[in-house]
Amino acid sequence: MSFSEWREVALKDVIEFNPKESIKKGTITKKIGMDKLAPFQRKIDGFELEAFKGGSKFRNGDTLLARITPCLENGKTAQVTILDDDEVAFGSTEYIVLRHKIGITDNNYIFYLALSQYVRDTAIKSMTGTSGRQRAQTDVIENTKIMLPPLDEQTAIAHILSTLDDKIEVNNQINKTLENMAQAIFKQWFVDFEFPNEDGEPYKSSGGEMVESELGMIPKGWRVDSLGNLLDVQKGLSYKGKHLVEEGVPMINLGTINPGGGYRQEKIKFYNGDFKDRHMVKPGDLVIANTDMTQDRVILGSPCLVPDFECEKIIFTHHIFAIRNLKIPRNFLYYYFKSKDFRERAEGYATGTTVLALPQKGVVGIDLYLPNVDILERFNELIQSFIDKMNNLDKENELLKRIRDVLLPKLMSGEIRVPLDEEGAAS
């Protein structure tokens, strides 16, 4: 197939923008809010059921392109795949909905076209409005000219890119399962006291002896201690925005911690200013958020394990506490910080109105019950196998994303062609 079969078109001639759909007002139906879209992630992270009052409407296969700042710049673009056949859902008024024109374009190809740098740059440059509320102009995007390959080649291009995204999504699902298993094991062992006894049976339900403590009934041989006796807490670097750069020293910040715990790669910042040794952390170090910009306190006290950036230096900000001089296994403490018990008690120390702050005593001042050394070590070893697997899959995903991001513009521009067989399928 020759490049001459590609043709220059305006997007509005080959894509249906904001297609007309109908939902009766007040109908309880699926809503996909902006918070369900992750940067540069095809899959949508769930939905909510709400009464329809207004908003964009869409079906499976449609692409949702955020048009408001900073969501557009951050790459919030996704493809709807979580609805039932012929189901219509709704979402933010700040979506531009893109749908194929039958016989002309492929829905999967449209998703990757919306992710392409050319279309993204066009949308971003079209933004107008007041600071902080700027929006991309739909008519500018509609009139954007592209070189469009024939339909069979669109399908083949999308298949190659989809294969990479499919693997990323499978890895993410495995990691989610492993994380849920780790949290379930922590609860079973250290909340329900059903850790394996000497015979491998659940301790409490097998008649394991329980004794009184300051924190209630605990297994015999366990003890109560203060976190202040088991660790030190240190605040990170107070930095200036002028030192944030595209490439530099990775800086763990508030945005890199998921609500409830865990690491978010897409929010990492890079820094080129001065810092001291005390502002540095190492891969595997435990950190927690000491600040929350929201009143629902979903970030405050949330922990994160520092990932391996494969570089010499990693720093963290003043919105983060690094846990130093730890005297108990790290994995036990990480999942304790994720527990409902710690989060509720830490929140009691929070101060502030618009911005919530967690003082150091909100960590070191908390008492907890500790299992004996043997139980802690067994838990640490078991959970470390989960963490190692999750880290390996995260690294694989970063490689897959880099491959996808390199291939996407080359496939979209025709610089790399997809060989097709006689029936028009990728060969």
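As a reminder, the structure under discussion sits directly above these lines.
Since the model is a prediction, treat every value here as computed from it, not as a measurement.

Conventions and cut-offs
- Residues numbered from 1 in each chain as written.
- Predicted model: local features only at pLDDT ≥ 70, side-chain atom pairs only at ≥ 80, totals over all residues.
- Heavy atoms only, no water.
- Pairing = 2+ DSSP bridges.
- Helix = DSSP H or I, 4+ residues; strand = E, 2+ residues; numbered from the N terminus.
- Axes fitted to C-alpha atoms, helices over the stretch in contact; angles between N-to-C directions.
- Buried < 20%, exposed > 50% of the residue type's maximum accessible area, 1.4 Å probe, protein only.
- Core = buried A, V, L, I, M, F, W, Y, C linked by side-chain atoms within 4.5 Å.
- 1 Å grid on protein atoms, 1.4 Å probe; cavity = no way out; pocket = protein on both sides within 12 Å on 5 of 7 lines; lining within 4 Å.
- Points joined across faces, edges and corners; volume = space filled by probe spheres on them.
- Nonpolar A, V, L, I, M, F, W, Y, C, P; charged D, E, K, R; others polar.
- Phe/Tyr/Trp six-rings, centres within 6.5 Å; stacked < 30°, edge-to-face > 60°.
- Lys NZ or Arg CZ within 6 Å of the ring centre and 35° of its normal.

### Structural notes on the sheet that holds strand β3 (residues 28-32)
No. 1: The strand order across the open sheet built from four strands is β4-β3-β8-β5, with neighbouring strands paired in mixed fashion. For this open sheet the edge positions go to β4 (48-51) and β5 (56-58), each flanked by a neighbour on one side alone. Here the strands of the sheet are splayed against their neighbours by 45° on average, with no regard to which way each runs.
No. 2: As defined by bridge partners, β3 adjoins strand β8 (residues 89-91) across two bridges and the pair is classed as parallel. Bridged to Lys 31 within β8 is Phe 90.

### Looking at the pairing of strand β9 (residues 95-100)
No. 1: The element β9 is extensively covered by neighbouring structure, given that five of its six residues are classed as buried.
No. 2: The sheet contact formed by strand β2 (residues 15-17) and β9 spans three bridges and is antiparallel. Paired with Ile 15 across the bridge in β9 is His 100.
No. 3: Bridge analysis of strand β6 (residues 63-66) against β9 gives four bridges, and the strand direction is antiparallel. Among the inter-strand pairings, Leu 65 is bridged to a residue of β9, identified as Ile 96.

### Focus: the nonpolar core
No. 1: Counting 44 residues, the largest nonpolar core has Leu 227, Phe 332, Leu 333, Tyr 336, Phe 337, Val 363 and Phe 379 as its most contacted members.
No. 2: Elements supplying a minimum of two residues to this core: α5 (151-190), β19 (286-289), β23 (320-324), α6 (330-338), α7 (340-347), β25 (367-370) and α9 (373-413).
No. 3: For this core, the element with the most residues is α9, which contributes seven residues.
No. 4: Counting 32 residues, the second largest nonpolar core, distinct from the first, contains Ile 110, Ala 136, Ala 156 and Val 418.

### A short note on the sheet that holds β19
No. 1: Strand order in this open sheet of four strands is β14-β23-β19-β21, and the pairing throughout is antiparallel. Each edge of the open sheet is held by one strand with a lone partner, namely β14 (232-235) and β21 (303-305). Within this sheet the neighbouring strands show an average axis-to-axis angle of 30°, counted without direction.
No. 2: In this sheet, β23 lies alongside β14 in antiparallel orientation, the contact comprising four bridges. Bridged to Lys 235 within β23 is Phe 321.

### Some thoughts on empty space enclosed by the protein
No. 1: In the structure shown here, the tally under the stated rule is one cavity of 30 Å³ or more.
No. 2: Computed from the structure, the largest cavity encloses a volume of approximately 50 Å³.
No. 3: Together, Leu 11, Ile 15, Phe 17, Leu 65, Leu 98, Ile 110, Leu 113, Ala 114, Val 119 and Ile 141 line the largest cavity.
No. 4: Residue assignment for the lining of the largest cavity shows that the elements contributing at least two residues are β2 and α2 (107-115).
No. 5: Considering every element that reaches the lining of the largest cavity, the biggest residue donor is α2, with three residues.
No. 6: Class assignment of the residues belonging to the lining of the largest cavity gives a composition of ten nonpolar, no polar and no charged.

### Describing the packing of aromatic side chains
No. 1: Counted by the stated rule, this structure contains 21 aromatic pairs.
No. 2: With a centroid separation of 5.1 Å and an interplanar angle of 80°, the aromatic rings of Phe 52 and Phe 90 are classed as edge-to-face. Here Phe 52, found in the loop between β4 and β5, pairs with Phe 90, found in strand β8; they are 38 residues apart in sequence, far enough to count as distant.
No. 3: Assessed through its relative accessible area of 3%, Phe 90 is described here as buried.
No. 4: Taking NZ or CZ as reference, Lys 30 lies 4.8 Å from the ring centre of Phe 47, over its face.

### Here we look at the layout of surface pockets
No. 1: The calculated volume of the second largest pocket comes to roughly 350 Å³.
No. 2: Around the second largest pocket sit 17 residues that line it, and Phe 186, Val 191, Ser 339, Lys 340 and Asp 341 are the ones nearest its centre.
No. 3: Contributing elements (two or more residues each) for the lining of the second largest pocket: α5, α6, α7 and β25.

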